[in-house]
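# A look at the structure
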Amino acid sequence: MLSEPLSLLILLAALVIAVFAPAFHYHQFGEVTRMARDAGFSALLICGGAVAVFGTIRTFRREIESRTCEMALAHPVSRQSFFLMKGIGAFVAYLIFAAIVFCVSVTIVEGAAVGGQIAKATGDLARLWGPCFVAGICVMILPLVVGAALNRFAGCRFVLSFFAVSAALALAAGLWTACRNFPLVVRMLPVALLIVFLTLVLLLAAAAFAVRLKANAAAACVGVVVTLLVPAVGNYYMSDALTGGGSVGWTYVGLAAAATLPLALIFLFLGFNFANGRDMT
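The number of helices and strands found in the chain is 9 helices and 0 strands. Tracing the chain from N to C terminus, the helices and strands come up as α-α-α-α-α-α-α-α-α. In terms of C-alpha radius of gyration, the chain reaches 20 Å, essentially the compact-globule figure of 19 Å for 281 residues. Each of the three principal axes of the chain carries a C-alpha extent, and together these read 70 × 50 × 30 Å. Looking at the chain as a whole, 45% of its 281 residues are labelled buried. Each charge class in the chain was averaged separately, 17 positive and 10 negative side chains, and the resulting centres sit 4 Å apart.

Take a look at the structure:
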C-alpha cells in the first residue's frame, strides 16, 4: 500500500491541509487552536479513509488478478489466513499513514497555541509559531528530496523511501511536541483513535468486497457502507470536544471500541466467507 504513488499524493494532500490551513489568519476567530485541530483531524478522517479503502482494494486485487497469491496458497495456508494477514498488513500501512498525520497535527496545534500566546502578549495577529510551522513543512519537503536521492544513487523505491523518511521526521516532531506540551498530545490522542476505529471498519469492508468483486465494484460497495455510517460519524469525529480545554474520556473511547467491534467482526466474517468461496488459485 505504501509503495503506491497514490498513497504518496494523498499523504501530501493531508499534510498540506494540516500544515497550511491553520497558517492563515482565519484561525484568530474564536479559539486560536481550533482550525489547527479541525484541519488535522479532517485530514486524518478524509485522507486516511481514502488510503485505507483504495489502498486495501488495490493490494487485494493486485494479488488476485496477478495470481501471485498462488505462491502463498500453494503452501499450507488457508484462504482465511491469507485474507487475515493481508488485512493486518493493510491496517499497519494505514497506521503508519495515520501516525504521520497525527504527529504533524499535534505539532501544528502546538504552534497555533504558542502563536496565540505571543499574539496575546504583543497585541499582534495570531500566527503559527515558526519552529512548528517549519517542522510541518520539513515533513513534506525533506522526504521528497531524500527519497529522490536514494532512488537515484541507491536504487531504493522512491515512494517507500518517502514514507520512511516522512515517518521518522513526523515521529521526531511529535516527540518534540510531547516534550513541550505532553497534555496536548494526551488530549488529542483519544480523538485520533476514534477516527482510527471508524476507518478500521471501512478497511475491513474494502478487504471483504475486494476478494469477491472487481476494484470499481468493491469501491462502490464501500461507498454504500460509508453512506450507511454517516449518521454515526459524529460519534467518532470529536474534534469539537477539545474546544475550551475539553477532552474525550478514555471511557468513551472504550465504549466506542466496543461499539465498533461488532461491525468489524461482521466484515471480517464476510471476508472469510468470500475468500473461502472464491477460487483464488
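Structure shown, so let's carry the discussion forward.
At a closest axis distance of 9 Å, the pairing of helix α7 (residues 182-212) and helix α8 (residues 215-229) adopts a crossing angle of 150 degrees. It follows from the interaxial angle that α7 and α8 lie roughly antiparallel. Two packed elements cross with a definite hand, and for α7 against α8 that hand is right-handed. Residues Leu198, Val201, Leu202, Ala205, Ala206, Phe209 and Ala210 of α7 lie in contact with α8, whose contacting residues are Ala218, Cys221, Val222, Val225, Val226 and Leu229.

Overall, the coordinates contain 7 aromatic pairs when judged by the stated rule. Here tryptophan 129 and tryptophan 176 contribute two aromatic rings whose centre-to-centre distance is 6.1 Å and whose plane-to-plane angle is 15 degrees, an arrangement assigned as stacked. Of this pair, tryptophan 129 sits in the loop between α4 (79-122) and α5 (130-153) while tryptophan 176 sits in helix α6 (residues 158-180), placing them 47 residues apart in sequence. Overall, tryptophan 176 belongs to the partly exposed group, its relative accessible area being 33%. Ring geometry for phenylalanine 162 versus phenylalanine 163: centroids 5.9 Å apart, planes at 90 degrees, classification edge-to-face. We note that phenylalanine 162, like phenylalanine 163, is buried. Put simply, the rings of Phe60, Phe83 and Phe272 pair up and form one aromatic cluster.

Let us now look at the pattern of salt bridges. What the rule picks out here adds up to 6 salt bridges. The shortest N-O distance in the salt bridge between glutamate 110 and arginine 180 comes to 3.1 Å. Of this pair, glutamate 110 sits in helix α4 while arginine 180 sits in helix α6; the two residues are 70 residues apart in sequence, bridging distant segments of the chain. One salt-bridge network, held together by shared partners, links Glu4, Arg58 and Arg62.

So, on to the packing of helix α2 (residues 34-65) against α7. For any two helices packed against each other, the geometry comes down to the angle between their axes and how far apart the axes lie. In contact at an axis separation of 9 Å, α2 and α7 are set at 25 degrees when each is read in the N-to-C sense. Considering the angle they form, α2 stands roughly parallel to α7. As α2 runs across α7, the sense of the crossing is right-handed. Of the residues in α7, those in contact with Phe41, Leu44, Leu45, Gly48, Gly49, Ala52, Val53, Thr56, Ile57, Phe60, Arg61 and Ile64 of α2 are Met188, Val191, Ala192, Ile195, Leu198, Thr199, Leu202, Leu203, Ala206, Ala207, Ala210 and Val211. A breakdown of the residues in the contact of α2 with α7 according to their chemical character gives 19 nonpolar, 4 polar and 1 charged.

So, about the confidence of the model for the chain. In this model, the chain carries an average pLDDT of 90, and 92% of its residues clear a pLDDT of 70 or more. By mean pLDDT, the top-scoring element of the chain is α6 (96), and the lowest-scoring one is helix α3 (residues 69-73) (63).

Now for the nonpolar core. Core analysis: the biggest nonpolar cluster contains 78 residues, and Leu11, Phe97, Phe163, Met188, Leu194 and Phe209 have the highest contact counts within it. Listing elements by their share of this core, those giving two or more residues are α1 (5-20), α2, α4, α5, α6, α7, α8 and α9 (250-277). Take this core: its biggest share by element is 20 residues, from α7. Once residues lying within four places of it in the same chain are set aside, the contact partners of leucine 194 are Asn235, Tyr236, Met238, Val248, Tyr252, Val253 and Ala256.

Attention shifts here to α7. The end-to-end C-alpha distance of α7 is 45 Å, a good match for the 45 Å that 31 residues give at a rise of 1.5 Å each. The element α7 is extensively covered by neighbouring structure, given that 23 of its 31 residues are classed as buried.

To continue, consider a nonpolar patch on the surface. On the surface, Leu84, Met85, Ile88, Val92 and Ile96 cluster together to form a nonpolar patch covering roughly 400 Å² of accessible area. With respect to the helices and strands, isoleucine 96 occurs in helix α4.

Analysis parameters
Residues numbered from 1 in each chain as written. Predicted model: local features only at pLDDT ≥ 70, side-chain atom pairs only at ≥ 80, totals over all residues. Heavy atoms only, no water. Helix = DSSP H or I, 4+ residues; strand = E, 2+ residues; numbered from the N terminus. Rg over C-alpha atoms; globule rule 2.2 N^0.38 Å. Buried < 20%, exposed > 50% of the residue type's maximum accessible area, 1.4 Å probe, protein only. Lys, Arg positive; Asp, Glu negative; His and termini not counted. Charge placed at Lys NZ, Arg CZ, Asp CG, Glu CD. Axes fitted to C-alpha atoms, helices over the stretch in contact; angles between N-to-C directions. Parallel < 35°, antiparallel > 145°, perpendicular 65-115°, else oblique. Left-handed = near helix turned anticlockwise from the far one by under 90°. Contact = heavy atoms within 4.5 Å. Phe/Tyr/Trp six-rings, centres within 6.5 Å; stacked < 30°, edge-to-face > 60°. Salt bridge = Lys/Arg side-chain N within 4 Å of Asp/Glu carboxyl O. Nonpolar A, V, L, I, M, F, W, Y, C, P; charged D, E, K, R; others polar. pLDDT = per-residue confidence, 0-100. Core = buried A, V, L, I, M, F, W, Y, C linked by side-chain atoms within 4.5 Å. Expected span 1.5 Å × (residues − 1). Patch = residues over 30% accessible without salt bridge, like charges linked within 9 Å, V, L, I, M, F, W, Y side chains within 5 Å. Areas by Shrake-Rupley, 256 points an atom, 1.4 Å probe, with all protein chains shown as cover.

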